[in-house]
Each structure stands twice: as structure tokens, then as C-alpha cells.
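# Structural overview
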Amino acid sequence: MKRTPKDTEASARVVSRRGLILGGGMAAFSAVLTARMRYMQVEQADQFRLLADENRINIRLVPPSRGLIFDRAGVILADNEQNYRVVLVREDAGNVEDVLARLQKIIKLPEEELEKVKEEIDRRSPFVPVTVADRLSWKAFSEIAVNAPALPGVTPEVGQSRIYPLDEDFAHIVGYVGPVSDYDLTEGYLADDDDPLLQIPKFQVGKTGVEAKREHDLRGQAGTRRIEVNAQGRVMRELDRVEGRSGQDIRLTVDSALQNYLQVRLGDESASAVVMNVETGDLLAIGSAPSFDPNKFVRGISVADYRALLEDDHRPLANKSVQGAYPPGSTFKMVTALAALEDGVIEPDEEVYCPGYKELGRRRFHCWKRWGHGDLALVNALEQSCDVYFYDIAERVGIEKITAMARKLGLGIRHDLPVSAVVGGLTPTKAWKRENRDADWLIGDTLNAGIGQGFVLTSPLQLAVMTARIASGRQVEPRLVRSIEAQDEAPAPPPLDINPAHLQFIREGMYSVVNSGSGTARGSRVVAEGLRMAGKTGTSQVRNITAAERARGVTRNEDLPWERRDHALFVSYAPADAPKLACSVVVEHGGGGSLAAAPIARDILLQALYGGTPPLEAYPTSQRGTIRTRQKDLPLRDPSSFTEGRSRA
Amino acid sequence: MTEMVFGAAPVRDGEPILPRWWRTIDRWSLACVFLLFGVGMLLGLAASPPLAARNELNPFYYVQRQAFFGGLALTTMLLVSMMSPQVVRRLGVLGCVGALAALALLPFFGTDFGKGAVRWFSLGFASVQPSEFLKPGLIVVSGWLMAASQEINGPPGKSLSLGLVLVVVGLLAIQPDFGQACLVLFGWGVMYFVAGAPFTLLIGMAAMVVVGGTMAYKTSEHFARRIDGFLSPEIDPRTQLGYATDAIREGGFFGVGVGEGHVKWSLPDAHTDFIIAVAAEEYGLILVLFIILLYMTITVRSLMRLIRERDPFIRLAGTGLACSFGVQAIINMGVAVRLLPAKGMTLPFVSYGGSSLIAGGITLGMLLAFSRTRPQGEIGDILLKRRR
């Protein structure tokens, strides 16, 4: 075969030349590549390390994880849970509408939320991440992660949010968290707090209860993240990260199982109850009904739900056990009696005649028993709650001494508990009336105060403290936070400055109230030996009974509209012979203390003493049927909810 | 025909195959190929554990597979490099026809592995990417056609080969796999250039590339985003390229240390397209320069040896193979350092992947077969004639 002339010398030269050009080109290319590699790896690497000196480095805060709140046994009351959310960055998304429509197929946001998100996206700078959806399920979260290529600009993120596993039970004590508001920072309790964490938008701070009062312990310290930003403030990369310090955990004195029982037992009543250890002052349960779900507030409560809470005449948002100030009624009679005994104006066995009323000038002060009690000494007067006896001794001892005794027993004093809106109540003096009512103190005021009516106001917490002090004879202070280190707490509180013999008379009276044949709370006695209960009923009027009404015959409570009925109160301690626990119960507009409040207090105390559902043998024989039905019907939480730590699924 | 032998002609009939192979092979390139394979294994050790962790396999699963396919590829390469150019040509034609058929069947039987482009046949234990195997075959066939066109009364080889290449480019475009299409076009262009294309035509082609690129930029959002990403001075640190750039910067001269790299944990393609970033981060500039040196030694040495080749087929096909091999490596590394726009392309012999490894073995085997020492000059001409 003949070869073409082209493929001879000349052609070979062309070929060699072109081959050389190619080889040279390749070599040049690789030289450029080498130079570029060297530039990036040596020079830019040095630059990169020098950046620290320039102000392109920003410090960003990393929120610490909030301290947990436990009950006395270590059951979690406030926990942090993983919160899966998606954020969208407008400039990365391109067509925001398209991307949101695609995202919508996975997470299905309600229309109005979507509109809000769109507004938010339009309002923010294009590079700022905007949260599109919060609290996603793991499934939705992973679906978004998998579909990331179809969702430009959308990033799934993990954060922490607060959750209250025992929701309604601790709504008033633990409280809840919410995003920090301008009000918090200017006038609220965070006004003097210059923690930079508070500048983070929507940073969660305690709003009520322990969450708010112990905010500083729970919050922890911010970590920092050094990031490089460009001139527009866009984050280019993270350089390093210093982890913050998590918030401190807090352990409360409450027993969550008892608290649950208490809340459930109070049920739908507008009521509150406090259970307290008479020696240490530990609050084992402190409940207020009706309650609400604090988790709703964390998630952002709907307007309708919030309005429903506000407009409920049972005031679910109020923590009545510390916030409610009620006339103590007959539960105050121990104070009057102690004041009189200590002052020596009456002897324990001295009898006073009760004709059914006491006359003071032209005014008659009535006893609750129209026909009178006849001759009564101290113990019987307490047992039957004779008003005339206490009018009489109150008149003898005078208001100043009564008030001094009330304060000694913990009334009229604001006890410092880390919950919201603790009230001080009111134990009136002559000076107080002159200052506040612009009127002189009248003897009639003293008589009214002597039976816990008139100006006297106390909270269920104060009543529990009073009962605990009478029961133990010591100056116990209520305590809600348990020191985590020392199990054996501070030495027992000092004894009260009251003659122990006098206290013993009062205890005897309280024992008779519940256990003797004519005691006002006999219906609520405990028959289990060694666990007998002592107490005092109270019924406080929220209205005046006019002479005309009295002449007609006093209208029965049940016939009145709810908000005008009497408050029912009961204070008690048990076991009577070796007091351990004190309990106060107030049922707003519940009627008589013996019927509405005493049975609740008995159930709660027995529940606490037995550490669970009490046996029917503790109750009087005739009541066992009713009690059995009630025990069965109470919608208590499953006991597994109170297992320690994070064992819940 | 009369035998005319001057001096000691290096043709010894009856010489055993192996010694002759060893005497004539380009031993430098051969050594470089083995070193590249070693580097691939070394980087596989670094890149395998994160990938295996994601797929819940034993940490060095991918190293074992890499070793298996690498062994297969090296064996293939050695076998092919022992063949004579004629046998290689036959192999190339067969491979080209087979791979072309496979490529055409892809739209019906292929899978996309969820990546949005149908490029693979799934065989259960492994997947095959026909376009990888097509490249060497296509270059050999094109080289043959072009060489034939230089013969008097030869077929219109250049046009025929252009037609063939355009068919292949079309098939690749519907996958879509524009990277491979470009590479195929480039390989053909190189051969055409060496075969003596007029410069005006080359300029015209360059113009067409510009026009085509502009069109693609205007019509394809995907393509436009890549170009924009390349042109913008700041890279988004959350893209693959952003991670790779960070990793390369992080590496410095000596690297952050074996196994200490971070990029392999966040880059999905750390074991394939961005293996150079892993190398740069963990072993630093040293290893990167070494890798560049290896590729360039193979490419440039082969080109220099081919310049002396008188047989147009060997020269054209060899040049095409050497250039496409070198250019693929350059593009891969160029993308990682942002000299070139983002384009998925493996680093031959280093990236993980069975098809890529074995096809690389075939390509280099053919190249080594073509670049073997042969009698050249007058003698070559004479021997060439005698062989025919």
C-alpha cells in the first residue's frame, strides 16, 4: 500500500510540533494547578490563621442547656427535649414560594402560619435564617433532610425546648418558660440582668413559678462560637467554639405522686391545699385547682385558650395556695385562744356561757349555733367552735396581742418561697386600721378578728405553717427547694416562744374537733390507731348577714349563687400523738369547712402517711363504701410517671 | 519482498513475550501507575470509614473493594499492555461497539441510584458505568478512522469519526452527563489537532464552544448555578466545594495528620470526586504535588514517546488516550481548587469506583501498549511496510 505524501517528513514534523504543543499545554496546566495548590495551601492557610486579628471574626453565643427541675425523689418536673425545626434562608432558596410549596408537602403547615412565615421571610435580610416550622416529628425532620436537594435554602436544625412531663400537676409551682419580652427586660424581674443571652431573640426565660424565681440558677452560662463573617454579616464559617456551662438543676421538696393525688382530689373545685412536714417545713405538696397545662404556654398558647383561662371564674391561672388571701374563719380561733392563754386573761378550765350571741352595746354578735352552747371551757369551745367563747376572750386580750400571736404562728408574714405572687395576708392592728381605713379600731373589730373574720386575711400556705407550728411547737419555715448536697438538713428550727402546756391544750382541742362525739369535723375522723388526725374547721363568710335576713332565717348556702357562698377551710395535722404532717385545705365558696374541706384534708394526709392509696380500714366503717368508690374513680396518673430520672419513654 | 536490514534491527522474532515487553515498555509510566494506585489505596484508608459508617458497613469495606477492583484493573492493564497495536485496535473496536450498545440501552435498563442521572447498570454486587468503558474504545476507533483517512483512497475517516463522536455525545447528553461528553469531545479534538487540523477550523470550534456554553447558561438553571458559584468570589461554605476549599486550606504544607481530617465526614463525594481534598487536608501540599507529578509524568512521557511514533494510528490513538487521561485528572483537581467550574469527574486510578478503576486500567494498558519502544525512522517505515 502506498503512503500519502502527507505522511512523510513534512507531516511528521507537523505531528511532532503539535504533539509538543499538547505536551507543553498539559505541563503548563499542571504548573498552574501546582501554583494554585501552593497558593491555597500555603498562603491562604497563613492568611486564614491571621484572620483572628481582623474584625471579620464575630462572637456568637451558644445558649446553654437549662437546668432541670426534680421533685424530692428525683422525678423530672421540667425537662429539656430535642426540638426539631426547619429554617429557611431566602437568598439560598431562590424561589421562596416554590420551595415552601414543596416543603408544605412534607410538613403541612396551616395556611395562616404559612402566611406568617412568608411575612417574616420578607421582613428579614435575605441571609437570615427564618424558622418555618417548630416541633417537628423525627419522621418529618428526616424527610426534610433526605429531600434537601429539592429544598434549597431549607436547613433542618435541632434545638432544645422545655417540657413539663407532669403538666397540670406542677403548673403553679414549677411555672413555665417563654420568650424573653421587652417588659421583662425593662420593668420585669430581668431589668437588672445584663446577661447577653437575653439579647438572643426568643430566648426562653422563666415566666412564673420556680422557673422565674430561680432563673439565674437554671439559666447557666452562654458558650461562645467564633465565626468569620463577611462585610454583609453573613456567616462564612465557624472557627471555634467554647461550650457554655449548663444551668444548675434544682430539686424541690415536693413529692410528685402526692402532688398528683392532691390536684386530682381537689378536682374541679376552686380550691387549694398545702401539705407540709411539721418538723422541717418541707412542702410535700402545694396545689391549686383548677390547673392548666404549662406546656401550652411554652409552645405558644392560642388566643382562644388563653381567653378561656382568663375568663374562667375558678381562676385557673392563680396559684391560690400562696396567692389566695381568705378570712381564716374559725381556723383562727387557735390564735385567739393562745393569745388569751399566754396573756393569762383566761384559764384553760374557765367556762364561758354561750347564749347564742354576745351583746356589745346595742349590737349582737351571733354564734353559728342560734340557741347557744351553754357553759364551755377551752377544749370544748374549740371542739364545737363556739363563737361566743372566742368573742369573749378576744375582747379580754385585745387585738394587739392577738395579732402578735398570729405573727408568731406565721400568719400575716410573707414566707419567702420561690413561686410567684406569694402574699403576706393581713393581721390587723389599730395603727393599720387608722392608716388604711382612716377610722379608729372598734371593739367589734376585735370580736370579728377573734373568730377569723373582719380584716384578717390568710393564705392556705400560712394556715399550713400555723398548723405545723402548733403541732411541732417549733418555728418551722416552709421550704420548697431542697439542698442537693446535704440530705440531713439544717438543725431543727428553734422552739416557739409559747408555753408548751398552752400549746398542748390547743392540740387537745384540735384532737376533739375531729375525734370527739360532738366535734365539728367528726365526719372526717381517722380510725387507724397511731394515724389519728387533729384539726380545725373554718367557714368564712364572704357576705354580711343582715338583721332582716337573720330574722327571716339565714339563707342556706346551697341556695346562694356560687360566688356568694362561704369559703370552706380546714387545717389539720397527723398523726395526732406524734405529728408529722400538717395540711390546710381551702375550698372557695365550698360551704362549710367540715363538709367541703375536712374530707379532702383527711384523704390527702392519709395518702401521704401511707405513701399511696390508704386501706379502707383507716376510715370509719360507715363511710367505707363511699370512700371505695371515690378511690376507684380518681383519675390518678400512672405510677410509672413518677419513676426517677429520664426513664420515661 | 526483499529483506533489508541495517545494523542490529530490534526485531527478534521468537523472543519470549515477557522479556520483550519489559524491554520495550515505558517503565517510568508503569511505575507511576503503580504509585498512583498506592496513593488511591492510602486515601481510600482515610475516606472509607466515614462512608462505611454512613452505610453501616465495616470501616474498611471500601478499602477492600478498592483493593479488589484495583488488582483487577492492574491485571487488565498489564495484559492489555502486552498486546500488539493490532490486537489493541481490535479490542478497542469491540469495546467501542459493546459499550456503545450498552450506552444506548441505558435509558431502558439503567438506574440512577437516586442521583438524577441514568448512568449505571446495577449488577447487584457492583454497578457498571458504560461511558467509562466507551472512552478508550471510542478513542482507538477514532484514531483508526483518522489514520485511515490519511491513506490514499482511504475512507472519509475524520467525518466518520466526528459522526460517531457526536452520536456518543448525544447519548451522554440524554443521561445527562455533560462532563463525560466534554471529555469525549476533547479527546476527539486532540486527535483531530494532532492529525493536522487547520487552525481556522479550531478557532471556529472554540467559537462554537463559547456560543454553546452561553446557550446552556441561559437555558439550564442547574448549569447556570454552577457557573455562578464558580464566578462569585466567595463560596457558600455549605456546598461540597465550600467544604473542599476549607479542607484544602486547612491542610497546609504537611497536612493535619493521617486520619485527622474533617472534610471526609461532611462531604458526600469525599471518596470519589473530591478525593484530592481529603489528600490535601490529611497529607498536605506534599502529597498533592506528588499526585500531580505522577499524572504529568505519565501524560507527558507518553506524549513525548508518541511524537517519535511513525504509525499514524498509534500516534493518534495514543495521543488521544494520554490527553484524555491527563485532562480528566486536571479537571478533577482544577475543580477542587476552583480553577474550573464544578463538574463531577473522578480522579483516574485514585478515586473509589469499580468502573472507573477498570476502565482506567484498560485506558492505561492501551496507552502503554502504544507507547512501547518500536523501531522508528527509516527502519520503522520499512518495518511498518513489512508488517502490513
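Residues numbered from 1 in each chain as written. Chains lettered and ligands numbered in written order. Predicted model: local features only at pLDDT ≥ 70, side-chain atom pairs only at ≥ 80, totals over all residues. Heavy atoms only, no water.

Counting its regular elements, chain B contains 15 helices and two strands. For chain B, the proportion of its 388 residues judged to be buried stands at 51%. Accessible surface, chain B as shown: approximately 17,300 Å² in total, 69% of it carbon and sulfur. (Helix = DSSP H or I, 4+ residues; strand = E, 2+ residues; numbered from the N terminus. Buried < 20%, exposed > 50% of the residue type's maximum accessible area, 1.4 Å probe, protein only. Areas by Shrake-Rupley, 256 points an atom, 1.4 Å probe, with all protein chains shown as cover.)

Bringing the overall build of chain A into the picture now. A count of helices and strands for chain A gives 23 helices and 20 strands. Counting across all 649 residues of chain A, residues that qualify as buried make up 51%. In the form shown here, chain A has an accessible surface area of approximately 29,800 Å², with 50% of it arising from carbon and sulfur atoms.

Looking now at the environment of Ser84(B). Among the structural elements, Ser84(B) can be located in the loop between helix H3 (61-81) and helix H4 (85-109). With 285 residues separating them in the primary sequence, Ser84(B) and Ala369(B) have C-alpha atoms 6.8 Å apart.

With that settled, consider a negative patch on the surface. Residue and element names in this part refer to chain A. Together, Glu 347, Asp 349, Glu 351 and Asp 375 line one region of the surface with negative charge. Considering the arrangement of structural elements, one finds Asp 349 in the loop between helix H13 (333-343) and strand S13 (352-354). A relative accessible area of 61% places Asp 349 in the exposed class. (Patch = residues over 30% accessible without salt bridge, like charges linked within 9 Å, V, L, I, M, F, W, Y side chains within 5 Å. Salt bridge = Lys/Arg side-chain N within 4 Å of Asp/Glu carboxyl O. Lys, Arg positive; Asp, Glu negative; His and termini not counted. Charge placed at Lys NZ, Arg CZ, Asp CG, Glu CD.)

The subject of this paragraph is the packing of aromatic side chains. For any two aromatic rings, the description comes down to two numbers: the centre-to-centre distance and the angle of the planes. Taken as a whole, this structure holds 15 aromatic pairs over all chains when the rule is applied. When the ring of Tyr62(B) is compared with that of Tyr352(B), the centres are 5.3 Å apart and the planes differ by 90°; the resulting orientation is edge-to-face. Here Tyr352(B) lies in the loop between helix H13 (312-336) and helix H14 (354-370) and Tyr62(B) lies in helix H3, a separation of 290 residues in the sequence. Here Tyr62(B) and Tyr352(B) have matching classes, each one buried. Linked through ring pairs, Tyr176(A), Phe292(A), Phe297(A) and Tyr306(A) together constitute an aromatic cluster. Above the ring of Tyr357(A), the side-chain terminus of Arg364(A) is found at 3.7 Å from the ring centroid. In this arrangement the basic side chain of Arg27(B) is found over the ring face of Trp22(B), its NZ or CZ atom lying 5.1 Å from the centre. (Phe/Tyr/Trp six-rings, centres within 6.5 Å; stacked < 30°, edge-to-face > 60°. Lys NZ or Arg CZ within 6 Å of the ring centre and 35° of its normal.)

We now examine the state of the cysteines. Tallied over the entire structure, the rule returns zero disulfides over all chains. Of all cysteine sulfurs, the one in Cys386(A) lies closest to Cys354(A), which takes part in no disulfide; the gap is 3.6 Å. (Disulfide = S-S within 2.5 Å.)

On to the UniProt feature "transmembrane region" (unreviewed entry) in chain B. All names here are of chain B. The UniProt record annotates "transmembrane region" (unreviewed entry) at residues 28-47, 67-84, 91-110, 160-178, 190-211, 274-295, 316-337 and 349-370. The annotated region residues 67-84 carries 83% helix and 0% strand content, and the separation between its end C-alpha atoms amounts to 28 Å. The annotated region residues 316-337 carries 95% helix and 0% strand content, and the separation between its end C-alpha atoms amounts to 31 Å. (UniProt positions renumbered as here; feature names shortened; annotations may be inferred.)

On to unusual backbone geometry. Residues and elements named next belong to chain A. Following Ala 289, the chain continues to Pro 290 via a peptide bond in cis, the omega torsion being -5°. By the element assignment, Pro 290 lies in the loop between strand S12 (283-289) and helix H10 (294-299). For the bond from Ala 574 to Pro 575, the omega torsion is -15°, close enough to zero to count as cis. Mapped onto the elements, Pro 575 comes out in the loop between strand S19 (567-574) and strand S20 (581-587). You will see that Ser 385, though not glycine, has its phi angle at about 55°, which is positive. Residue classification places Ser 385 among the buried residues on the basis of a relative accessible area of 4%. Phi angles above zero are rare outside glycine, and His 589 is one such case at about 50°. Checked against the element boundaries, His 589 lands in the loop between S20 and helix H22 (593-610). Overall, His 589 belongs to the buried group, its relative accessible area being 12%.

Walk down a regular strand and you will see the side chains alternate between the two sheet faces. Residue and element names in this part refer to chain A. Among the 14 residues of strand S3 (residues 76-89), eleven are classified as buried, and the element is accordingly described as predominantly covered. With two bridges joining them, strand S2 (residues 69-70) and S3 adopt antiparallel strand pairing. Pairing of Ile 69 across the sheet is with Ala 78, part of S3. Connecting S2 to the next strand, S3, in antiparallel fashion are five residues, including Gly 74 with a positive phi near 95°. The sheet contact formed by S3 and strand S5 (residues 154-163) spans ten bridges and is antiparallel. (Pairing = 2+ DSSP bridges.)

With that settled, consider the packing of H3(B) against H14(B). For any two helices packed against each other, one specifies the crossing angle of their axes together with the interaxial distance. Residue and element names in this part refer to chain B. Between H3 and H14, whose axes approach to 7 Å, the crossing angle comes to 20°. Put simply, H3 runs roughly parallel to H14. Of the two possible hands of crossing, H3 and H14 adopt the one that is right-handed. Residues Gln 66, Phe 69, Gly 70, Leu 72, Ala 73, Thr 76, Met 77, Val 80 and Ser 81 of H3 touch H14, and the partners they reach there are Gly 354, Leu 357, Ile 358, Gly 361, Ile 362, Leu 364, Gly 365, Met 366, Leu 368 and Ala 369. (Axes fitted to C-alpha atoms, helices over the stretch in contact; angles between N-to-C directions. Parallel < 35°, antiparallel > 145°, perpendicular 65-115°, else oblique. Left-handed = near helix turned anticlockwise from the far one by under 90°. Contact = heavy atoms within 4.5 Å.)

So, on to H22(A). Residues spaced three or four apart along an α-helix point in a common direction, a consequence of the helix completing one turn every 3.6 residues. Residue and element names in this part refer to chain A. Compared with an ideal rise of 1.5 Å per residue, which puts 18 residues at 26 Å, H22 spans 24 Å between its outermost C-alpha atoms and is within 8% of the ideal. Counting buried residues along H22, 14 of its 18 residues qualify, which places the element largely inside the surrounding structure. Trailing H22 by a residue or two, Gly 611 shows a phi angle of about 65°, which is positive. (Expected span 1.5 Å × (residues − 1).)

Residue and element names in this part refer to chain A. Of all the eleven residues making up helix H9 (residues 256-266), ten are buried; the element is thus mostly covered by neighbouring parts of the structure. Looking at the buried side of H9, the elements it contacts are S3, strand S11 (271-277), S12, H22 and helix H23 (624-633). Where H9 begins, one side-chain oxygen reaches toward the backbone nitrogen of Ala 257, 3.0 Å away; that side chain belongs to Asp 255. Looking one or two residues beyond H9, the residue adopting positive phi is Gly 267, at roughly 60°. (Polar contact = N/O pair within 3.5 Å; in protein donor to acceptor, adjacent residues only side chain to side chain.)

With that settled, consider the confidence of the model for chain A. Considering every residue of chain A, the mean pLDDT works out to 85; 90% of them sit at 70 or more. Below a pLDDT of 50 lies the segment residues 1-6 of chain A, which in the model reaches eleven contacts outside its immediate sequence neighbourhood of four places, other chains included. (pLDDT = per-residue confidence, 0-100.)

Right, let's get into the pattern of salt bridges. Going through the model one piece at a time under the given rule, you end up with 35 salt bridges over all chains. Of the charged contacts in the structure, one is a salt bridge between Asp98(A) and Arg102(A), with a shortest N-O distance of 3.9 Å. Linking Asp98(A) with Arg102(A), this pair stays in helix H3 (residues 96-107), spanning four residues, or about one helical turn. Across the salt bridge formed by Arg305(B) and Asp26(B), the nearest N and O atoms sit 3.8 Å from each other. Of this pair, Arg305(B) sits in helix H12 (residues 275-307) while Asp26(B) sits in the loop between helix H1 (17-24) and helix H2 (27-55), and the two are 279 residues apart along the sequence. A single salt-bridge network, built from bridges that share partners, covers Arg66(A), Arg162(A), Asp193(A), Asp195(A), Glu211(A), Glu215(A) and Arg219(A).

Moving on, we get to the environment of Leu185(B). Residue and element names in this part refer to chain B. Note that Leu 185 resides in helix H7 (residues 178-194). For the pair Leu 185 and Val 165, spaced 20 residues apart in the sequence, the C-alpha separation amounts to 7.0 Å. When residues no more than four places from it in sequence are discounted, the contact partners of Leu 185 are Val 165 and Val 169.

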